[in-house]
Structures are given as C-alpha cells and as structure tokens.
Amino acid sequence: MFKNASEASQVVATEIATLVRERASAGKPCVLGLATGSTPMGVYRELIRMHRDENLSLRNVVTFNLDEYFPMAPDAAQSYVRFMNENLFDHVDVLSENVHIPDGTIAEESVGKFCDDYESKIAAAGGIDLQLLGIGRTGHIGFNEPRSDADTVTRMVVLNSVTRNDAAENFDGLENVPHHAVTMGVQTILNAQRIRLMAYGEHKSAIVERTVCGDITESIPATFLQQHGDVRFLMDDAAASKL
Ligand code: GLP
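Remember, predicted model here, so these are calculated numbers, not experimental data.

1. Describing the packing of helix α2 (residues 41-53) against helix α3 (residues 80-87)
In step 1: In the contact formed by α2 and α3, the axes pass within 10 Å of each other and the chain directions differ by 40°. As the angle between them shows, α2 and α3 are arranged oblique. Each of Met41, Tyr44 and Ile48 in α2 lies in contact with α3, whose residues at this interface are Phe83, Met84 and Asn87.
In step 2: Per-class residue counts for the contact of α2 with α3 are five nonpolar, one polar and no charged.

Set out below in structure tokens:
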C-alpha cells in the first residue's frame, strides 16, 4: 500500500527499469505487457524520466498491449495506439517493430486470425516477463469482462454496460463508445512471469476488496490473479480502504 499513485508508480517503474537493464546486460530482450487508462500513466511518466535522466534504454524491450476498442482508428482520440504513442513510445527509444497493440481497424472476419497471430507473437517472443494491469469496476483485466474464464486467450469481446458508461465521458457520450474490443485473454495474462496490478482511488476500493478477498470466480475475472505465483497489487490508501 502506498500514500499515493506516484509513489506506487515509482516502485513499478523501478522494477521495470531493473529488469530491462538486467536483460540488456545479458544481451536479451525484455518482454513487457502494457496497459492503458489513467492508472499506468505515472509508470510511463517515470520511465520517460529515467530514459531522459538516467540513461535507461528501451531498445531491447518488446511490448504487447492488453487491448484496443473495436472498431478504432489508430489516430482517434480514444485509440490505445495513440495513447501509447503519446504517453510512452514517442518519448523513449523503443523500436517500432517491437511494439504490438491489438489492431482496431481490421475487417471483422479477420479478427480471429489476428488474435491467433497475436498469441503466436507473444509465444515467439518467449512470453511476457512483466504484465502491467489496471482494473475496471466490473473486475475486468484488459477487457476481460465478467464471465471471462481462466482459459480465455486473445479474442474479440462485447463490452459490459458499466465499462461503456465509465468510458462515455472520454467518448463524448455513451452512444459513441464502441460495443466491442479485442483483448488478451485471462490465460494470456496469467501466463506472464510477473503481474503488477495498480489501483488508485476510492472508486476502485469495492472491486479491489472483492478481487483480493473474494472467492475466485469468472464473474470477477481479476480474482483469477489469486492463482498466480508472482502477482503484486499496488494501491493507494483510498483503493485499499476496504481491505
Ligand atoms: C479500461 C482498460 C483497462 C483499464 C480500465 C481502468 O477498461 N481496458 O485495461 O484497467 O479501463 O481504467 P483506469 O485506469 O482509467 O481506471
């Protein structure tokens, strides 16, 4: 538990930087699973600062983002491609060929193949070393909404009404929020070596409590994280207030 989001973000960013440097000195890539939303922004700010001030290079980093709305143009204001470029990639030396984000522009009939290829690319990269996560108020991780089982992999999903309502402000109204998304599955996430879930603010306290203390259930997909051997929940006081 941390006093605030910026303290927690610093801890996560430092862990990532250490891992990236360890791998670089062994001549190896570091595979990161990345998240969007307001929660991980502090981690990205800190990584950018370390790149600028502390010689942190991300040239050996391979990234796989969790999810993207569908359909979604990459230059749209709400696109996760744009989010990642603006909040991280444009400011560091990660190689563009090492960046992977689910594509919100592909034809619907090709989504299945795209998702299979996404899984294959993660496997070919050697699996995810460290997965960053936020959490939605439905208990979703990525866009794995309630009823996403532990064996789900990358696929197209239907967004829950709570999730769409939470996104409405960003989209200037509920009617503009896509009904679908492409997301890594729960199993894809659980396959990561380390998982770091961050949650900040009072509005996350109820779902944090159910995720950490509740029974493991597909009605709250984040509860599957309890089965993982190297997961850490990093929270501020407000998000942890019901624990
Ligand atoms: C979206 C993302 C999730 C994220 C969640 C919470 O649904 N797909 O990955 O965890 O929002 O967002 P925030 O961090 O802004 O609270």
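Still more to cover.
2. With respect to the pattern of salt bridges
In step 1: Within this structure, the stated rule accounts for 13 salt bridges.
In step 2: For the salt bridge of Arg49 with Asp53, the shortest nitrogen-to-oxygen distance reads 3.8 Å. One end of the pair is Arg49 and the other is Asp53, both in helix α2 and four residues apart, which spans about a single turn.
In step 3: The closest approach of N and O atoms between Asp230 and Arg196, which form a salt bridge, is 3.1 Å. Here Asp230 is found in the loop between α7 (205-213) and β9 (231-235), whereas its partner Arg196 is found in strand β8 (residues 194-199), with 34 residues between them in sequence.
In step 4: Arg196 gets classed as buried once you look at its relative accessible area, which sits at 4%.

3. Topic: the site of the ligand
In step 1: Around the ligand, the structure places Gly37, Ser38, Thr39, Asp67, Tyr80, Gly134, Ile135, His140, Gly142, Phe143 and Lys204.
In step 2: Contact distances for the ligand include 2.4 Å between an oxygen atom and a side-chain N or O atom of Thr39.
In step 3: Interatomic distance of 3.5 Å between a side-chain N/O atom of Tyr80 and a nitrogen atom of the ligand.
In step 4: When the ligand sits alone it has 390 Å² of accessible area, and the protein chains cover 84% of it.
In step 5: A breakdown of the residues in the shell around the ligand according to their chemical character gives three nonpolar, six polar and two charged.

Parameters at a glance
Residues numbered from 1 in each chain as written. Predicted model: local features only at pLDDT ≥ 70, side-chain atom pairs only at ≥ 80, totals over all residues. Heavy atoms only, no water. Axes fitted to C-alpha atoms, helices over the stretch in contact; angles between N-to-C directions. Helix = DSSP H or I, 4+ residues; strand = E, 2+ residues; numbered from the N terminus. Parallel < 35°, antiparallel > 145°, perpendicular 65-115°, else oblique. Contact = heavy atoms within 4.5 Å. Nonpolar A, V, L, I, M, F, W, Y, C, P; charged D, E, K, R; others polar. Salt bridge = Lys/Arg side-chain N within 4 Å of Asp/Glu carboxyl O. Buried < 20%, exposed > 50% of the residue type's maximum accessible area, 1.4 Å probe, protein only. Near = heavy atom within 4 Å. Polar contact = N/O pair within 3.5 Å; in protein donor to acceptor, adjacent residues only side chain to side chain. Areas by Shrake-Rupley, 256 points an atom, 1.4 Å probe, with all protein chains shown as cover.

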